[in-house]
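# Breakdown of the fold
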Amino acid sequence: MIEACGVHRTFGGVSVLRGVDLAVRAGELVTLSGPSGSGKTALLSLLCGFDLPDRGSVLPGPASWSACAVLPQSLGLASELTLEENVALPLRLAGREVAGVTELLAELGIGHLAARFPAQVSFGQQQRAALARAVIARPAALLADEPTAHLDAVSAVAAVGLLRRAADEGAAVLIATHHDAVHEAADRVLVLADGQVS
Ligand SMILES: Nc1ncnc2c1ncn2[C@@H]1O[C@H](COP(=O)(O)OP(=O)(O)OP(=O)(O)O)[C@@H](O)[C@H]1O
Ligand SMILES: [Mg+2]
């Protein structure tokens, strides 16, 4: 479950989020649209615990952050790990068996790049590795910020398919995106404008 209740956030006197309410249930894929600068990334940062609201509450909270996967707009791949090692990381950190990494990379068309480091592949290829890392451990909640921003049409279809599958397997999935192809795969589309979600 992903939830925001009455969330407010101000940056340097500018009120960016002004009473945001939203809820994404398990098994649901919801997209969040809104103009550049409307506060989508700020909202996702609050939902995943990277930032704290000035007022209001969010889920997942600290008790369930470990079950939440995040695909940040900046990706956040570990530069000293190969793509394969980056994708395996959530499983290793959870003490689980490392399985499915090769298949996932192949599904996203980057199987041949598994042994490369992030700096040795394109940004779109890094983006696909970051997506694989976000879904590999089957998180209960998944927050993805512009997951198809740097992808061509074919790669975007594969990426959207993966996110849809995560929801179909039971995850609550919230995606900030400008892309119609992602909105078309959603159960609901939310719009962030003037500091509120509708
Ligand atoms: N840490 C911060 N300090 C100051 N201002 C911030 C901070 N984070 C966000 N902002 C401001 O809040 C507003 C919303 O930014 P945000 O990155 O959430 O927009 P966005 O909807 O994700 O845009 P985009 O579609 O371009 O990714 C912007 O005006 C931004 O300058
Ligand atoms: Mg953003």
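Source: prediction; values computed, not measured.

Now for the coordination of the magnesium ion (ligand 2). At the metal site, the magnesium ion (ligand 2) is ligated by Thr41 (OG1) and Gln73 (OE1), and these contacts range over 2.0 to 2.4 Å. Of the two residues, Thr41 is situated in helix 1 (residues 40–47) and Gln73 in the loop between strand 5 (68–71) and helix 2 (83–93); the sequence distance between them amounts to 32 residues. Exposure remark for Thr41: the relative accessible area of 33% places this residue in the partly exposed category. Looking at Gln73, the relative accessible area reads 40%, which means it is partly exposed.

A few words on the packing of helix 4 (residues 123–135) against helix 5 (residues 153–168). At a minimum axis separation of 11 Å, helix 4 and helix 5 run at an interaxial angle of 10°. Classified by the interaxial angle, the pair formed by helix 4 and helix 5 is roughly parallel. Here helix 4 contributes Arg128, Leu131 and Val135 to the contact with helix 5, which in turn contributes Ser155, Ala159, Leu162, Leu163 and Ala166. Of the residues belonging to the contact of helix 4 with helix 5, the class tally is 6 nonpolar, 1 polar and 1 charged.

Conventions and cut-offs
- Residues numbered from 1 in each chain as written.
- Chains lettered and ligands numbered in written order.
- Predicted model: local features only at pLDDT ≥ 70, side-chain atom pairs only at ≥ 80, totals over all residues.
- Heavy atoms only, no water.
- Donors = N, O, S within 2.8 Å, 3.2 Å for Na, K, Ca; no water.
- Helix = DSSP H or I, 4+ residues; strand = E, 2+ residues; numbered from the N terminus.
- Buried < 20%, exposed > 50% of the residue type's maximum accessible area, 1.4 Å probe, protein only.
- Axes fitted to C-alpha atoms, helices over the stretch in contact; angles between N-to-C directions.
- Parallel < 35°, antiparallel > 145°, perpendicular 65-115°, else oblique.
- Contact = heavy atoms within 4.5 Å.
- Nonpolar A, V, L, I, M, F, W, Y, C, P; charged D, E, K, R; others polar.

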